[in-house]
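Structural characterization, general
Spelled out from the first residue to the last, the chains are:
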Amino acid sequence: MKTFNVPIIYRSPLITAIKNRRRQEDRMKKDFKPTLLDFGALKILLARHFGFCYGVENAIEIAFKTVEENPGKRIFLLSEMIHNPHVNSDLLEKGVQFIMDTSGQQLVPWDTLQPDDIVIIPAFGTTLEIEARLSELGISPLQYNTTCPFVERVWNKAEQIGQKNYTVIVHGKPGHEETRATFSHSRHNTPTVVVKDMSEARLLGEFITGQRAAAEFPALFKGQYSPGFDVTKDLQRVGVVNQTTMLATETQAIADYIRGVIMDRYQLTEADVSERFADTRDTLCYATNDNQSAVNGLLQEPGDLAIVVGGYNSSNTSHLVELCEEKLPTYFISSEEKILSRDEILHWDFHHKQELHSHHFLPDQAPVTILLTSGASCPDALVEGVIRKLAGFYGVNIDEAAMS
Ligand code: SF4
């Protein structure tokens, strides 16, 4: 895979060495067992895959290169570059401005932009409406485009099935930049509706079977369907695509569920289900698959607690947290700074969107085993920082310690 020129401050020599060693030992990426960092009283199990993905490295390379090559020019990002506060604040420090916040609220009025301004499209991509607005302002929307190719692959898949008259069901978070962009691209070609989870998929199922009156649809899916969407006609042939960072098992369950409803409703068999249900497997990106599989591999090992590092508004990271939480106490932190002491930690409760302050997060008995991973937008340097801080509590200098 292509390598990118990412600022050295985001790299970690320790993590790079571990990743390189694992890559050489397992080129086909079949081994999802974690790496053991054995510091005696502290054992850290590091997930097989974590950290910057292709799309994030690509976006960071383009953004920093654009800043470097355009001194004196006003540079804007449509919204957060990626969902990592450290990377975003580094860009802000370099003078880059965000036009919108992550929920789409305007921070810089459109009419203040000039044709010679630079506007960078983030890794999530953007809507066709915003592309058109930039063009009207005389700014080329695609000149500084960091949209991840794996997001574009979803748009292409939605377009392909849309051209075959399937309605597109997007499994994603309706307010997330990527889902807003995918929704925009898809509805340009075909009727499109967004479902955020299995309960919304079940609601949609009730419209497919006719159990629920069509009149209820607008209120139940407000803001999540394309203009003119007609539940009596537009749910007869469907396909499911997703926001690339959703939980793989949930997307699969939603696709299987909708497929089953369609088969029952139209008395279809395996031989003819494709008449009304498009095959769209594989719209999760490789990084989401790898990172979630690696967490499943991590959770096969016994541990006392899990720490997941990443931006609090990062979708892919929150899904890693969700997987860990099912098995053991889990702390979602944005960096080692959240570990206040051996006894205190600040951590994000993504269910209730609040930061919690917990005590006694490390057990008293030794050895302590911690499962550790990070999201696709988290610099490895932050993970190394967490390892260093934890090791310090046990009197370990990780530069001297052996890695097994
Ligand atoms: S998580 Fe996947 S889709 Fe998103 S930026 Fe990374 S590689 Fe691209």
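Residues numbered from 1 in each chain as written. Predicted model: local features only at pLDDT ≥ 70, side-chain atom pairs only at ≥ 80, totals over all residues.

**A look at the sheet that holds strand β1 (residues 35–38)**
The strand order across the open sheet built from five strands is β1-β2-β13-β9-β10, with neighbouring strands paired in mixed fashion. What marks the edges here is a single partner per strand, and that holds for β1 and β10 (330–333). Direction aside, the axes of adjacent strands within the sheet are offset by 20 degrees on average. Across four bridges, β1 lies against strand β2 (residues 42–46) in antiparallel orientation. (Pairing = 2+ DSSP bridges. Helix = DSSP H or I, 4+ residues; strand = E, 2+ residues; numbered from the N terminus. Axes fitted to C-alpha atoms, helices over the stretch in contact; angles between N-to-C directions.)

**Some words on the nonpolar core**
Grouped burial of nonpolar side chains is what soluble globular proteins tend to show. Residues Val56, Ile169 and Ile258 are the most contacted members of the largest nonpolar core, which totals 58 residues. If we skip the residues at most four places from it in the chain, isoleucine 169 touches Val193, Val195, Leu204, Val238, Val240 and Ile258. Counting 38 residues, the second largest nonpolar core, distinct from the first, contains Tyr10, Leu42, Phe50 and Val308. (Core = buried A, V, L, I, M, F, W, Y, C linked by C-beta atoms within 7 Å. Buried ≥ 20, exposed ≤ 12 C-beta atoms within 10 Å, placed from the backbone. Contact = placed C-beta atoms within 7 Å.)

**Looking at the site of the ligand**
Cys53, Gly55, Cys148, Thr244 and Cys285 are the nearest of the 15 residues found near the ligand. Of all the secondary-structure elements, those providing two or more residues to the shell around the ligand are α2 (54–69), α5 (149–163) and α10 (286–298). Ranked by the residues each element gives to the shell around the ligand, the list is headed by α2, at three residues. Residue composition of the shell around the ligand, by class: 10 nonpolar, five polar and no charged. (Near = placed C-beta within 6 Å. Nonpolar A, V, L, I, M, F, W, Y, C, P; charged D, E, K, R; others polar.)

**Notes on the pairing of strand β13 (residues 368–374)**
Regular strands have side chains that alternate between both faces of the sheet. Of all the seven residues making up β13, five are buried; the element is thus mostly covered by neighbouring parts of the structure. Pairing geometry for β2 and β13, over five bridges, is parallel. Residue pairing for β13: lysine 43 is matched across the bridge by threonine 369.

**Focus on the domain arrangement of the protein chain**
Accessible area lost upon the coming together of the parts is a frequently used measure of interface size. When its domains are assigned, the protein chain resolves into domain 1 (8–53 + 286–393), domain 2 (54–136) and domain 3 (151–275). Taking the mean C-alpha position of each, domain 1 and domain 3 sit 34 Å from one another. With seven residues of domain 1 at the contact, the number on the domain 3 side is eight residues. Of all the elements in the fold, those that place two or more residues in the side of domain 1 that touches domain 3 are α10 and α11 (315–325). Residue contributions to the side of domain 1 that touches domain 3 peak at four residues, all from α11. Of the residues that constitute the side of domain 1 that touches domain 3, the class distribution is no nonpolar, six polar and one charged. (Domains from an automatic or database assignment.)

**Re the environment of glycine 260**
Relative to the assigned elements, glycine 260 resides in helix α9 (residues 248–266). Take glycine 260: there are 13 C-beta atoms within 10 Å of it, and that puts it in the partly exposed class. Spatially, the C-alpha atoms of glycine 260 and leucine 78 are 39 Å apart, while their sequence positions differ by 182 residues.

**With respect to the packing of α5 against helix α6 (residues 177–187)**
To describe two helices that pack against each other, one gives the angle between their axes and the distance between the axes. Viewed as axis vectors pointing N to C, α5 and α6 meet at an angle of 30 degrees, and their least axial separation amounts to 9 Å. Considering their axes alone, α5 and α6 lie roughly parallel with respect to each other. Classified by chirality, the crossing of α6 by α5 is right-handed. Counted together, Val151, Val154, Trp155, Ala158 and Gly162 of α5 and Glu178, Thr182, His185 and Ser186 of α6 form the full contact between these two elements. (Parallel < 35°, antiparallel > 145°, perpendicular 65-115°, else oblique. Left-handed = near helix turned anticlockwise from the far one by under 90°.)

**As for the environment of alanine 47**
Residue position: alanine 47 is located in the loop between β2 and α2. For alanine 47, a count of 29 C-beta atoms within 10 Å gives the class buried. Taking C-alpha positions, alanine 47 is 9.6 Å from glutamine 292, a pair spaced 245 residues apart along the chain. Dropping the residues within four chain positions of it, alanine 47 is found in contact with Pro34, Ala294, Val295, Leu298, Leu372 and Thr373.

**Let's talk about helix α12 (residues 380–393)**
For α12, with 14 residues, the first-to-last C-alpha span of 21 Å sits near the 20 Å given by 1.5 Å per residue. Listed as buried for α12 are Asp380, Ala381, Leu382, Val383, Val386, Ile387, Leu390 and Ala391. Turning to α12, the residues buried within the fold contact α1 (13–25), β1, β2, α3 (85–93), β9 (305–309) and β13. One or two residues past the end of α12 sits glycine 395, with phi positive at roughly 70 degrees. (Expected span 1.5 Å × (residues − 1).)

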